[in-house]
Amino acid sequence: CAMAAAVMAAASSLCEEDAITEEEKYGLLQPCRKLSPLNPPLKLKEYFMMERDRGKYMLYWAAIQSAFQTMVESQVGSEERGDCIRCVVVGPGLGRLIRFCLDAARESSVKVVVHALEANLAAVDFLKKEVRSA
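Since we're looking at a predicted model, the values are computed, not measured.

Just to check I follow, could you spell out the nonpolar core for this structure?
Taken as a class, soluble globular proteins show a tendency for nonpolar side chains to be buried jointly. The biggest cluster of nonpolar side chains holds 15 residues, and the ones touching the most others in it are I64, F68, I85, L97, C101 and V110. Elements represented by at least two residues in this core include exactly α3 (54-75), β1 (84-90) and α4 (96-108). Ranked by the residues each element gives to this core, the list is headed by α4, at six residues. Of all hydrophobic cores here, the second largest spans five residues; its members include L42, Y47, A123 and F126.

Please clarify how unusual backbone geometry should be interpreted in this entry.
Outside of glycine, negative phi angles account for most residues, and trans bonds account for most peptide bonds. Phi at S109 takes a positive value of approximately 55°, unusual for a residue other than glycine. Within the secondary structure, S109 is located in the loop between α4 and β2 (111-117).

Looking at this structure, I do not really get a nonpolar patch on the surface. What am I missing?
Taken together, the side chains of Y26, L29, M49 and M50 make up a nonpolar region of the molecular surface, amounting to roughly 380 Å² of accessible area. Mapped onto the fold, M50 is located in helix α2 (residues 44-50).

Help me understand helix α1 (residues 2-26), please; the structure alone is not making it clear to me.
Turn by turn, an α-helix covers 3.6 residues, leaving residues three or four places apart pointing in a common direction. Over its 25 residues, α1 extends 35 Å from the first C-alpha to the last, a length consistent with the 36 Å expected when each residue adds 1.5 Å. Taken residue by residue, α1 has V7, A11, L14 and D18 as its buried positions. Taken together, the buried residues of α1 touch α3. G27, located one to two residues past α1, shows a positive phi value of around 80°.

Even after reading the chapter, I still don't get the packing of α3 against α4, so can you show me in this structure?
When two helices pack together, their arrangement is given by the angle between the helix axes and by the axis-to-axis distance. One way to put it is that α3 packs onto α4 with a least axis distance of 9 Å and a crossing angle of 40°. In this structure, α3 meets α4 at a crossing whose hand is right-handed. Facing Y57, Y60, W61, I64, Q65, F68 and V72 of α3, the residues of α4 in contact are R96, L97, F100, C101, A104, A105, E107 and S108. Considering only residue class, the contact of α3 with α4 consists of eleven nonpolar, two polar and two charged.

Thresholds, definitions, all that
- Residues numbered from 1 in each chain as written.
- Predicted model: local features only at pLDDT ≥ 70, side-chain atom pairs only at ≥ 80, totals over all residues.
- Heavy atoms only, no water.
- Core = buried A, V, L, I, M, F, W, Y, C linked by side-chain atoms within 4.5 Å.
- Buried < 20%, exposed > 50% of the residue type's maximum accessible area, 1.4 Å probe, protein only.
- Helix = DSSP H or I, 4+ residues; strand = E, 2+ residues; numbered from the N terminus.
- Patch = residues over 30% accessible without salt bridge, like charges linked within 9 Å, V, L, I, M, F, W, Y side chains within 5 Å.
- Areas by Shrake-Rupley, 256 points an atom, 1.4 Å probe, with all protein chains shown as cover.
- Salt bridge = Lys/Arg side-chain N within 4 Å of Asp/Glu carboxyl O.
- Expected span 1.5 Å × (residues − 1).
- Contact = heavy atoms within 4.5 Å.
- Axes fitted to C-alpha atoms, helices over the stretch in contact; angles between N-to-C directions.
- Left-handed = near helix turned anticlockwise from the far one by under 90°.
- Nonpolar A, V, L, I, M, F, W, Y, C, P; charged D, E, K, R; others polar.

Here it is as structure tokens:
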């Protein structure tokens, strides 16, 4: 688990660095008072702001990489080995977690099917454009 500790330390460092940068650039942000993550829907600008959190996304990336590695290793020599790994990303926003799943599959040399469940129509439109341009 030395790798997990190293990832946690790096993510923590990035979070601290990003917090300082964000505070210097934008000042202290007021706490969000939204009662529901769905209403009112987030604007694309807010998604871009959330994606600046490098530490959080480093942890997501490490978790997805670890999950793929575990799934691939558990299927070695198994007669139940499936044709592909299926992922569900709930609330993918701008799609970074989808890209992490696709990258992990490529690195693991496995096929993947990614299902994305997004309620925000602005994010859905953004994702459709991303898929078309890929």
